[in-house]
Amino acid sequence: QVQLVESGGGLVQAGGSLRLSCAASGRSVSTDTMGWFRQAPGKEREFVAAIQRSASRYADSVKGRFTISRDNGKNSAYLQMNSLKPDDTAVYYCATDPIGRFQIGPSWYEYWGQGTQVTVSS
């Protein structure tokens, strides 16, 4: 069993930056695929970024602005978000796929955090 706790969300003006953190506990997630997803009101949960070992992939909407990283020593993953836009406003979730399949669909991920709110004002 893995527990995930996100932090770092908040209110920021357009053009600003935030860094989200995802701390895992229960076991090491060093070989898991770690993913970030987001869900805006009235919309489906959507893929943002994923990392598997040193490889990463991004949604087109965030490519060049967001960077996913991980620190296996801290059993954590991060999402650096720059040049934020009002359209980035959502609850952001961290998730893991223990099998390490490096997929973008939410159904591939087994463990989820509770989410952290990101609000970008115009």
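Just so it is clear, the model here is predicted, and its values are computed rather than measured. (Residues numbered from 1 in each chain as written. Predicted model: local features only at pLDDT ≥ 70, side-chain atom pairs only at ≥ 80, totals over all residues. Heavy atoms only, no water.)

Asker: Which parts of the structure should I look at to understand the state of the cysteines?
Answerer: Disulfide: a covalent bond connecting the sulfur atoms of a pair of cysteines. Inspection of the entire model under this criterion finds one disulfide. The disulfide bridge from Cys22 ends at Cys94, spanning 2.0 Å between sulfur atoms. Across the disulfide from Cys22 to Cys94, rotation about the S-S bond amounts to roughly -75 degrees, and the bridge is consequently left-handed. In this pair, Cys22 sits in strand E3 (residues 18-25) while Cys94 sits in strand E9 (residues 90-97), placing the two residues 72 residues apart along the sequence. Residue Cys22 is classed as buried on the basis of its relative accessible area of 0%. (Disulfide = S-S within 2.5 Å. Helix = DSSP H or I, 4+ residues; strand = E, 2+ residues; numbered from the N terminus. Buried < 20%, exposed > 50% of the residue type's maximum accessible area, 1.4 Å probe, protein only.)

Asker: Looking at this model, I keep getting lost on the nonpolar core. Mind explaining?
Answerer: Nonpolar side chains in soluble globular proteins tend to end up buried together. Core analysis: the biggest nonpolar cluster contains 35 residues, and Trp36, Val48, Phe66, Leu79, Met81 and Tyr92 have the highest contact counts within it. Taken together, the elements giving at least two residues each to this core come down to E3, strand E4 (33-39), strand E5 (46-52), strand E7 (66-71), strand E8 (76-81), E9 and strand E11 (116-121). If one sorts the elements of this core by residue count, E5 sits on top with five residues. Residues within four places of Tyr92 in sequence aside, it is in contact with Glu6, Leu20, Phe37, Arg38, Val48, Phe66, Leu79, Met81, Gly115, Thr116 and Val118. (Core = buried A, V, L, I, M, F, W, Y, C linked by side-chain atoms within 4.5 Å. Contact = heavy atoms within 4.5 Å.)

Asker: Sorry, what's going on with the pairing of strand E1 (residues 3-7) here?
Answerer: Moving residue by residue along a regular strand, the side chains alternate between the two faces of the sheet. Burial of the side chains of E1 is restricted to one face: Leu4 and Glu6 are buried, whereas none of Gln3, Val5 and Ser7 on the reverse face is. As paired strands, E1 and E3 are joined by five bridges and run antiparallel to one another. Among the inter-strand pairings, Val5 is bridged to a residue of E3, identified as Ala23. (Pairing = 2+ DSSP bridges.)

Asker: So what exactly am I meant to see when it comes to the sheet that holds E3 here?
Answerer: Through backbone hydrogen bonds, the strands of a sheet pair up, either in parallel or in antiparallel fashion. What the four strands build is an open sheet, ordered E1-E3-E8-E7; its pairing is antiparallel. Both outer strands of the open sheet, E1 and E7, are each paired with one neighbouring strand and no more. Ignoring strand direction, the axes of neighbouring strands in this sheet form an average angle of 15 degrees. (Axes fitted to C-alpha atoms, helices over the stretch in contact; angles between N-to-C directions.)

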